[in-house]
Amino acid sequence: MKTAALKTPDGRWIARRLLLARTFRERLFGLLQLKSLAIDEALLLSPGASIHTFGMPYPIDAVFLNGQMKILRLATRIAPWRVRLAPARTKHVLELPAGRVRALGLQPNTYLCMEHEATPVQLERRKGSCRDETRSPCQGEKVRFSLRTPRRRCWHRAPSIGAPARSSERTKGDATHG
């Protein structure tokens, strides 16, 4: 599984080691592969929806997130052999050690900040407090995007030879009036 890191908007660490479960197999087995979760570890099921704790030897907390990493619902201390249904618009589910949601003071409608693909140097820097950073933990590089639309065939051009004319390409002389 790939790893990342996760913070609250005010800079508190949720997970310095965030395991990303993206494939069907990784999501199906999730935390069953781990004997326990450290206090600074978590699992992000993406895409995710309803969850189960079948076969889990320990309780967990779950955070249901939308596509923008906004908290939709919190589920605390989910005992083994239980199911939790996801609210509408859930795109990701964050699984944490039991009691972590309450300790962090997470609330619905809060956005979480993810740092992708942590390098060993970045992991070393994370050991200290992140509150002394000059910028907000959710501020990253500027997002670059394009509003280009896919190219479409221009129907206003003359049709190729032998091709039937479309109704939008007919001239006034071709139109029949009834």
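Residues numbered from 1 in each chain as written. Predicted model: local features only at pLDDT ≥ 70, side-chain atom pairs only at ≥ 80, totals over all residues. Heavy atoms only, no water.

A.B. asks: Provide a residue-level description of unusual backbone geometry, including the pertinent values.
C.D. replies: Of all residues except glycine, most have a negative phi; of all peptide bonds, most are trans. Each neighbour pair has its own omega, and for Ser-46 with Pro-47 the value is -5°, a cis peptide bond. Locating Pro-47 in the fold gives a position in the loop between β3 (41-45) and β4 (51-52). One non-glycine residue, Met-69, lies in the positive phi region at around 65°. As for its position among the elements, Met-69 is in the loop between β5 (60-65) and β6 (71-78). For Met-69, a relative accessible area of 10% translates into the label buried. Here the phi dihedral of Asn-109 falls at roughly 70°; this positive angle occurs in a residue that is not glycine. On the secondary structure map, Asn-109 appears in the loop between α2 (100-104) and β9 (113-116). Judged by relative accessible area, which is 55%, Asn-109 ranks as exposed. (Helix = DSSP H or I, 4+ residues; strand = E, 2+ residues; numbered from the N terminus. Buried < 20%, exposed > 50% of the residue type's maximum accessible area, 1.4 Å probe, protein only.)

A.B. asks: Could you give an account of the packing of aromatic side chains, with specific residues and numbers?
C.D. replies: On inspection of all chains with the given rule, the structure shows one aromatic pair. Judged by centre distance (5.9 Å) and plane angle (35°), the ring pair of Phe-54 and Trp-81 falls under tilted. With a gap of 27 residues between them, Phe-54 in the loop between β4 and β5 and Trp-81 in the loop between β6 and β7 (83-84) connect regions that are remote in the sequence. Looking at Phe-54, the relative accessible area reads 36%, which means it is partly exposed. You can call Trp-81 exposed: its relative accessible area is 56%. (Phe/Tyr/Trp six-rings, centres within 6.5 Å; stacked < 30°, edge-to-face > 60°.)

A.B. asks: I'd like a rundown of the layout of surface pockets, residues and numbers included.
C.D. replies: In this structure, the second largest pocket spans a volume of roughly 220 Å³. At four residues, helix α1 (residues 24-29) tops the list of elements feeding residues into the lining of the second largest pocket. Grouping the constituent residues of the lining of the second largest pocket by class yields eleven nonpolar, five polar and two charged. (1 Å grid on protein atoms, 1.4 Å probe; cavity = no way out; pocket = protein on both sides within 12 Å on 5 of 7 lines; lining within 4 Å. Points joined across faces, edges and corners; volume = space filled by probe spheres on them. Nonpolar A, V, L, I, M, F, W, Y, C, P; charged D, E, K, R; others polar.)

A.B. asks: Please set out the sheet that holds strand β2 (residues 13-21) residue by residue, giving values where relevant.
C.D. replies: Across the sheet, seven strands lie side by side as β6-β5-β8-β3-β2-β1-β9; this open sheet has mixed pairing. Each edge of the open sheet carries a strand with a single partner, namely β6 and β9. Neighbouring strand axes in the sheet, compared pairwise and without regard to direction, differ in orientation by 25° on average. Sheet analysis places strand β1 (residues 2-7) next to β2, joined by five bridges and oriented antiparallel. Residue Leu-6 lies in a different strand from β2, and its bridge partner there is Ala-15. (Pairing = 2+ DSSP bridges. Axes fitted to C-alpha atoms, helices over the stretch in contact; angles between N-to-C directions.)

A.B. asks: Tell me what's going on with the confidence of the model for the protein chain, and back it up with residues and numbers.
C.D. replies: Do not read the predicted coordinates in detail wherever pLDDT is low. Considering every residue of the protein chain, the mean pLDDT works out to 78; 65% of them sit at 70 or more. Residue range residues 129-135 is modelled with pLDDT below 50. Its contacts to residues more than four positions away, or to other chains, number eight contacts. Low pLDDT, under 50, characterises residues 141-146; the predicted model gives this stretch zero contacts beyond four residues in sequence or across chains. (pLDDT = per-residue confidence, 0-100. Contact = heavy atoms within 4.5 Å.)

A.B. asks: Describe the nonpolar core, and please don't skip the residues or the numbers.
C.D. replies: One finds Ile-14, Leu-18, Val-63, Leu-65, Leu-94, Leu-106 and Leu-112 to be the most contacted residues of the largest nonpolar core, which totals 18 residues. At the level of secondary structure, the elements contributing two or more residues to this core comprise β1, β2, β3, β5, β8 (92-97) and α2. When residues of this core are assigned to their parent elements, the largest contribution, four residues, is made by β2. In contact with Leu-18, not counting residues within four places along its chain, are Lys-2, Thr-3, Ala-4, Ala-5, Leu-6, Ala-42, Leu-43, Leu-44, Leu-94 and Met-114. Membership of the second largest hydrophobic core comes to 15 residues, among which are Leu-19, Leu-31, Ala-75 and Val-93. (Core = buried A, V, L, I, M, F, W, Y, C linked by side-chain atoms within 4.5 Å.)

A.B. asks: Any chance you could break down the pattern of salt bridges for me, citing the residues and the numbers?
C.D. replies: A side chain with one charge can pair with a side chain of the opposite charge if their charged atoms come near. This model, assessed by the stated rule, comprises three salt bridges. Its salt-bridge partner being Asp-10, residue Arg-12 comes within 3.0 Å of it at the nearest N-O pair. Judged by relative accessible area, which is 26%, Arg-12 ranks as partly exposed. Residue class for Asp-10 comes out partly exposed when judged on its relative accessible area of 40%. Among the ionic pairs, Glu-41 bridges to Arg-17, the shortest N-O distance being 2.5 Å. Taken together, the positions of Glu-41 in strand β3 and Arg-17 in strand β2 put the pair 24 residues apart, joining distant regions of the chain. (Salt bridge = Lys/Arg side-chain N within 4 Å of Asp/Glu carboxyl O.)

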